Amino acid sequence: MRLSINVDHVATLRNARGEMIPDPVSLALMCEQAGADGIVVHLREDRRHIRDRDVILLRELVTTKLDLEMASTPEIVSIACQIIPDLATIVPERREELTTEGGMNVLDNISHLKDVIQELHKHRIEVSLFIEPDIEHINAASEVQSDFIEIHTGVYANAVSEEEQFDELENIRMAARHAKKLGMGVNAGHGLNYHNMKTFRAIEEIDEVSIGHAIIARAVFVGIHQAVREMIGLLQ
Ligand code: PXP
């Protein structure tokens, strides 16, 4: 299981004081030096954390893999086509939300997503759709020619009993297996941390996890290098 790290929280901290520090771009490079396999940023329509400048610099400096999380709006799709990230992960986006709250409704947006993915593919950008572990949405992701899916792990992360956690783990395992059979790569993310990763890492079908909050929060206490190394240790 590879590890991509989402550095949006560092941009939130920077923006809180309207200054240039801490710089999410510098932190992203430190994550790479510590062994991360990729960097994830979400360029939101309201630019509440990551800004255009960050994405431009990251594109120049990231040597592993740059995953641009994005809504499928014309403005952001056009920016993606100029920046050319290694992967564009399409997510639903609502202004009021604290963070992305759930997967895309692929079934109700087939023709829109087909068009957007075709446009991104024209620019040689691979595409992932952030979705729930649901067979119908996975079939729809394949129909719109998505290269990857990213399974929303929020239900697993927020499970209140071991039984609920186990059930959701099996759900995710079956979903990942199904996506693989259809020829798509499988990523996963949302709410994964140093505790719930211990059981999650057993799902062999998952190629990569995308983690932000837990690693950045741990870094406040132990430094980013150690926070990344600890998570890589768990994944291995
Ligand atoms: N993947 C997606 C699509 C997300 O929107 C987020 C949250 O920004 C993450 C992964 C990372 O979630 P967390 O910050 O809870 O690790």
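In what follows, the structure referred to is the one given above.
Asks: Give a description of the side chain of Asn15 that names residues and reports values.
Replies: Note that Asn15 resides in helix H1 (residues 8-16). Within the structure, Asn15 has its side chain in polar contact with the side chain of Arg51 (distance 3.3 Å). When sequence neighbours within four positions are dropped, the list of residues in contact with Asn15 reads Arg47, Arg48, His49 and Arg51.

Asks: Which residues make up the nonpolar core, and what values do they have?
Replies: Counting 74 residues, the largest nonpolar core has Leu3, Leu120, Phe200, Val209 and Ile215 as its most contacted members. The biggest single contributor to this core is helix H11 (residues 224-235), with 7 residues. In this structure Ile215 touches Leu3, Ile5, Tyr194, Ile224, Ala227, Val228 and Met231, once residues within four positions along its chain are discounted.

Asks: Any chance you could break down helix H3 (residues 52-61) for me, citing the residues and the numbers?
Replies: All of the buried residues along H3 are Asp54, Val55 and Leu58. Axial view of H3: buried residues confined to an arc of 95°, hence all on one face.

Asks: Requested: an account of the packing of aromatic side chains, with residues and values cited.
Replies: Within this structure, the stated rule accounts for 1 aromatic pair. Look at Tyr156 and Phe200: their rings are 5.3 Å apart centre to centre, the planes differ by 50°, and that puts the pair in the tilted class. One end of the pair, Tyr156, is in helix H7 (residues 154-157); the other, Phe200, is in helix H9 (residues 197-200), with 44 residues separating them in the sequence. The exposure class assigned to Tyr156 is buried, which follows from its relative accessible area of 1%. Residue Phe200 is classed as buried on the basis of its relative accessible area of 0%.

About the criteria used
- Residues numbered from 1 in each chain as written.
- Predicted model: local features only at pLDDT ≥ 70, side-chain atom pairs only at ≥ 80, totals over all residues.
- Heavy atoms only, no water.
- Helix = DSSP H or I, 4+ residues; strand = E, 2+ residues; numbered from the N terminus.
- Polar contact = N/O pair within 3.5 Å; in protein donor to acceptor, adjacent residues only side chain to side chain.
- Contact = heavy atoms within 4.5 Å.
- Core = buried A, V, L, I, M, F, W, Y, C linked by side-chain atoms within 4.5 Å.
- Buried < 20%, exposed > 50% of the residue type's maximum accessible area, 1.4 Å probe, protein only.
- Arc of directions from axis to C-beta.
- Phe/Tyr/Trp six-rings, centres within 6.5 Å; stacked < 30°, edge-to-face > 60°.

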